[in-house]
Amino acid sequence: MVQPLIIRDIAIGEGIPKICASLIGETASQLKEEAHVLITESVDVIEWRVDFFEKADDKSEVLQTLASIRSWIGNIPLVFTFRSKKEGGEKELEREAYIALNKAAAMSGYADIIDVELFNREADVKELVEFAHAHKAAVIVSNHDFDKTPAKEEIISRLRKAQELGGDLPKIALMPQSMADVITLLDAVQTMKEQYADRPIIAMSMGGQGSVSRIAGEAFGSALTFGAAKKASAPGQIPIKNLKTVLTILHESL
């Protein structure tokens, strides 16, 4: 039985999939402008993609900006994400700096959820998960592949591993080469939900072909989807207003 994850006033894994949108500004002023747009759009969750930030390698600047973002967005749940280049991010950090930055974000109390990449060293993932939980932050354990979609069994294996490592929200995002790949992703998600998941999961197929996976989460088992405001943070994201409309229509039909 999947138990929803309650973050502030949002229950992820219950009812209509929740909509998350990303802050991708390079400067604090850009981030403030983006935050205002997302509040106006009434998104459920906001993600700060720290790898877009021009001072991402300066921990004190990151923490100062994180505090500002929290003040701007009020009670909206906030995800702290430094996405590595190997998984589609804008920058790279040395292993020690990546760990230190995520620990600092978790310890700050400003971020509700920390995103930790599955394909880091297993010991590092466990360390960050335990540290985040000790400081009352939840964890997304994520995997992104911008080149391909692996076999169904591999997709399930990665999601199960993310769950076993303590991720509160196992996440996978894959690039399809065909609509068959999109079906593979959706099939894997449904099997994961029915047979293995004891917590909400996040799964999507990227690009234009994968757009259907961003709206069909409730039917197949993905609890959160990513929408775009002014600019998408990943290929295939649907504008927030359109996403809300379609998610509501599908919810009322199920």
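Residues numbered from 1 in each chain as written. Predicted model: local features only at pLDDT ≥ 70, side-chain atom pairs only at ≥ 80, totals over all residues. Heavy atoms only, no water.

Going by the annotation in an unreviewed UniProt entry, the name recorded for the protein chain is 3-dehydroquinate dehydratase, with Niallia taxi given as the source organism. Within the UniProt record for the protein chain, the comment given under Subunit (unreviewed entry) is "Homodimer." As stated in UniProt under Sequence similarities (unreviewed entry), the record for the protein chain gives "Belongs to the type-I 3-dehydroquinase family." (UniProt positions renumbered as here; feature names shortened; annotations may be inferred.)

With that out of the way, let us pick up the packing of aromatic side chains. Counted by the stated rule, this structure contains three aromatic pairs. Measuring from centroid to centroid gives 5.5 Å for tryptophan 48 and phenylalanine 53, while their planes differ by 65 degrees, and the two rings are edge-to-face. Ring centres of tryptophan 48 and phenylalanine 80 lie 6.0 Å apart, and the angle between their planes is 85 degrees; on these two criteria the pair is classed as edge-to-face. Linking tryptophan 48 in strand E4 (residues 45-49) with phenylalanine 80 in strand E5 (residues 78-81), this pair joins segments that are 32 residues apart in sequence. One exposure class covers both tryptophan 48 and phenylalanine 80, and it is buried. A network of ring pairs unites the aromatic residues Trp48, Phe53 and Phe80 as a single cluster. (Phe/Tyr/Trp six-rings, centres within 6.5 Å; stacked < 30°, edge-to-face > 60°. Helix = DSSP H or I, 4+ residues; strand = E, 2+ residues; numbered from the N terminus. Buried < 20%, exposed > 50% of the residue type's maximum accessible area, 1.4 Å probe, protein only.)

Attention now moves to the UniProt feature "active site" (unreviewed entry) in the protein chain. Mapped onto the present numbering, the UniProt feature "active site" (unreviewed entry) falls at His144 and Lys171. What stands out for the annotated residues spanning 28 residues is how close their C-alpha atoms remain, the widest pair being 8.4 Å apart. Within the secondary structure, histidine 144 is located in strand E7 (residues 138-145). The contacts of histidine 144, once residues within four sequence positions are left out, are Arg83, Glu87, Lys171 and Ala173. Tracing the sequence through the fold places lysine 171 in strand E8 (residues 169-174). If near-sequence neighbours (up to four positions away) are discounted, lysine 171 is found in contact with Arg83, Ile140, Val141, Ser142, Asn143, His144, Leu159, Ile202, Met204 and Phe226. (Contact = heavy atoms within 4.5 Å.)

This next bit is on the nonpolar core. Among the nonpolar cores identified, the biggest contains 43 residues, and Leu23, Ile46, Trp48, Phe80 and Ile114 are the most heavily contacted of them. Counting residues per element, this core draws most heavily on helix H3 (residues 95-108), at five residues. Ignoring any residue separated from it by four or fewer positions in sequence, one finds isoleucine 114 in contact with Phe80, Asn102, Ala105, Ala106, Ala132, Ala137, Ala138, Val139 and Ile140. One finds Ile10, Cys20, Val45 and Met175 within the second-largest nonpolar core, a separate group that totals 19 residues. (Core = buried A, V, L, I, M, F, W, Y, C linked by side-chain atoms within 4.5 Å.)

Relative to the helices and strands, arginine 70 resides in helix H2 (residues 59-73). Judged by relative accessible area, arginine 70 falls into the buried class, the value being 11%. A distance of 3.0 Å separates the side chain of arginine 70 from the backbone oxygen of isoleucine 76, its partner in a polar contact. A distance of 3.1 Å separates a polar side-chain atom of arginine 70 from the backbone oxygen of tyrosine 110. Beyond its immediate stretch of four places on either side in the chain, arginine 70 contacts Arg8, Asn75, Ile76, Pro77, Leu78, Tyr110 and Asp112. (Polar contact = N/O pair within 3.5 Å; in protein donor to acceptor, adjacent residues only side chain to side chain.)

Moving on, we come to the packing of H3 against helix H4 (residues 122-134). Pairs of packed helices are described in terms of their axes, by the angle between the two and the distance that separates them. Remark: H3 packs on H4, axes separated minimally by 9 Å, with the N-to-C direction vectors making an angle of 15 degrees. With respect to their mutual orientation, H3 and H4 come out roughly parallel. Of the two possible hands of crossing, H3 and H4 adopt the one that is right-handed. Contacts between H3 and H4 involve Arg95, Tyr98, Ile99, Asn102, Lys103, Ala106 and Met107 from the former and Asp124, Glu127, Leu128, Phe131 and Ala132 from the latter. Class assignment of the residues belonging to the contact of H3 with H4 gives a composition of seven nonpolar, one polar and four charged. (Axes fitted to C-alpha atoms, helices over the stretch in contact; angles between N-to-C directions. Parallel < 35°, antiparallel > 145°, perpendicular 65-115°, else oblique. Left-handed = near helix turned anticlockwise from the far one by under 90°. Nonpolar A, V, L, I, M, F, W, Y, C, P; charged D, E, K, R; others polar.)

Another aspect to go through is the pairing of E8. Burial analysis of E8 places six of its six residues in the buried class, which makes it a mostly covered element. Residues Leu169, Lys171 and Ala173 line one face of E8 and the alternating positions Pro170, Ile172 and Leu174 line the opposite face, and both faces are buried. Here E7 pairs with E8 via six bridges, running parallel. Within E8, the residue paired with isoleucine 140 across the bridge is leucine 169. For the crossover that starts at E7, traverses helix H5 (residues 152-164) and ends in the parallel E8, the hand is right-handed. In this sheet, strand E9 (residues 202-205) lies alongside E8 in parallel orientation, the contact comprising four bridges. Counterpart to alanine 173 in the pairing with E9 is methionine 204. Where the polypeptide runs from E8 across helix H6 (residues 179-196) and back to E9, its parallel neighbour, the crossover connection is right-handed. (Pairing = 2+ DSSP bridges. Right-handed = clockwise from strand over helix to strand, strands pointing away.)

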